[in-house]
Amino acid sequence: MKKETVKSWLWVVIDIVIVVGVAMLLRTFLITPHNVDGPSMEPNFMDNDRVLVWRHPSLKRGNVVILHAPDGSLYIKRIIGLPGDTVTSKDDVMYVNGKKYDEPYLNSYKTQWADDNNGLFTQNFSLSTLKATNYAKKVPQESYFVMGDNRPISKDSRMIGFVKRNKIEGKVVWRYWPLNKMSIY
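These numbers were taken from a predicted model, which means no experiment stands behind them.

Draft legend 1. Examining a nonpolar patch on the surface more closely. Together, L10, W11, I14, I18, V22 and L26 make up an exposed nonpolar region whose accessible area comes to about 560 Å². Assignment of secondary structure puts I18 in helix α1 (residues 3–29).

Draft legend 2. Up close: the nonpolar core. Residues I80, V87, M94, F125 and F145 are the most contacted members of the largest nonpolar core, which totals 17 residues. For this core, the elements supplying multiple residues, two or more each, are β6 (93–96) and β9 (143–147). Other than its neighbours up to four places away in sequence, I80 contacts R61, D85, V87, M94, V96, Y101, E103, Y105, F145, V146, M147 and R151. If you look at the next biggest cluster of nonpolar residues, it comprises 12 residues, including L59, V65, L67 and I168.

Draft legend 3. Quick look at the side chain of R78. The topology assignment puts R78 in strand β4 (residues 74–81). Taking the relative accessible area as the measure of exposure, R78 reaches 7% and is therefore buried. At 2.7 Å, the side chain of R78 and the side chain of D149 are in polar contact. Not counting the four nearest positions on each side in its chain, R78 is found in contact with M41, N44, G62, N63, V64, Y105, F145, V146, M147 and D149.

Draft legend 4. Highlighting the pairing of strand β11 (residues 168–177). Note: strand β2 (residues 50–54) against β11, 5 bridges, orientation antiparallel. The partner of L52 across the bridge, within β11, is W174. In the sheet, β11 pairs with strand β12 (residues 183–184) via 2 bridges, with the strands oriented antiparallel. Bridging from a neighbouring strand, W174 pairs with I184 of β12. Connecting the antiparallel pair β11 and β12 is a turn made up of 5 residues.

Draft legend 5. Structural view of unusual backbone geometry. In this structure, P43 follows E42 across a cis peptide bond, with omega equal to 0 degrees. Along the chain, P43 falls in the loop between β1 (31–35) and β2. For the peptide bond that leads from W177 to P178, omega is 5 degrees, which places it in the cis range. Topologically, P178 is positioned in the loop between β11 and β12. The phi dihedral of D91 is positive, around 50 degrees, even though this residue is not glycine. Note on placement: D91 falls in the loop between β5 (87–90) and β6. The backbone phi angle of D92 is positive, close to 65 degrees, even though this residue is not glycine. By the secondary structure assignment, D92 is in the loop between β5 and β6.

Draft legend 6. Fine view of the environment of S154. Of note, S154 is situated in the loop between β9 and α3 (157–160). In this structure, the C-alpha to C-alpha distance between S154 and G38, residues 116 residues apart in sequence, is 9.5 Å. Once residues within four sequence positions are removed from consideration, S154 is found in contact with S40, K77, M147, G148 and M159. Here G148 takes part through its backbone nitrogen, which lies 3.2 Å from a polar atom of the side chain of S154. Side chain to side chain, S154 and D156 meet in a polar contact 3.1 Å long.

Draft legend 7. Inspection of the pattern of salt bridges at higher detail. Counted by the stated rule, this structure contains 6 salt bridges. The shortest N-O distance in the salt bridge between R61 and D85 comes to 2.3 Å. Of this pair, R61 sits in the loop between β2 and β3 (64–68) while D85 sits in the loop between β4 and β5, and the two are 24 residues apart along the sequence. Of the residues examined, D85 reaches a relative accessible area of 6% and is grouped as buried.

The rules behind each value
- Each chain has its residues counted from 1, following the order in which its sequence is written.
- In view of the model being predicted, local features appear only for residues whose pLDDT reaches at least 70, and side-chain atom pairs are presented and counted only at 80 or more, with totals across whole chains, interfaces and linings using the full set of residues.
- With hydrogens and water excluded, all non-hydrogen atoms of the structure serve as input to the side-chain values.
- Patches in this entry comprise residues that are over 30% relatively accessible and not in a salt bridge; like charges within 9 Å are linked, as are nonpolar side chains (Val, Leu, Ile, Met, Phe, Trp, Tyr) within 5 Å.
- Only the protein chains shown count as cover for residues, and the accessible areas themselves come from Shrake-Rupley with a 1.4 Å probe.
- The salt bridge definition used is simple: a Lys or Arg side-chain nitrogen within 4 Å of an Asp or Glu carboxyl oxygen.
- In this text, helices come from DSSP runs of H or I with a minimum length of four residues, and strands from runs of E with a minimum of two, each type numbered from the N-terminal end.
- Only buried residues count toward a nonpolar core, which is a set of Ala, Val, Leu, Ile, Met, Phe, Trp, Tyr and Cys residues joined through side-chain atoms within 4.5 Å.
- Exposed residues in this analysis have more than 50% of their type's maximum accessible area, buried residues have under 20%, and partly exposed residues fall in between, with area computed by a 1.4 Å probe over protein chains only.
- Any pair of residues with heavy atoms lying within 4.5 Å of one another is described as a contacting pair.
- Pairs of N or O atoms within 3.5 Å make up the polar contacts considered here, provided that, within protein, one atom can donate a hydrogen while the other can accept it, and that residues adjacent in sequence are counted only when both atoms are side-chain atoms.
- Any two strands are treated as partners once DSSP identifies two or more bridges connecting them.

Here you go:
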């Protein structure tokens, strides 16, 4: 074999090793893929949707996150309450810190479920009435109040309590499957 051919193949191998190494570092420390499991975020995220999660995000109200639930499984939920917030739902309107919190991502789904849930998509509650939150008045520091978009069936902070920051794996940044629903968040 010619010296140039060996040298060319060596550079190809080095390039492949570098690309694979960078991909492994990104996947391990920055971005990780996840499959949506279950209907708790319908209709916005369906069972078996595939998403990429940014592992070190700054978190804001409305972000969709992957979290480690108390039972050890991974949940996909939406952040409703930030540290220090009060959260209340009354007559199908969400209030954060006493102000109406608009949730346009629920509009098309609310009417579909209202008849089956005593006329409400989201049952009335406040943090201070929930046993899961130990009847707290506000979301504690380093914690979040999360809810699924499919409120009538979602197992979320109303049942599992506040989610500590260190239990949030990351924020959904891209749905890549199914292709017809591909979107950036």
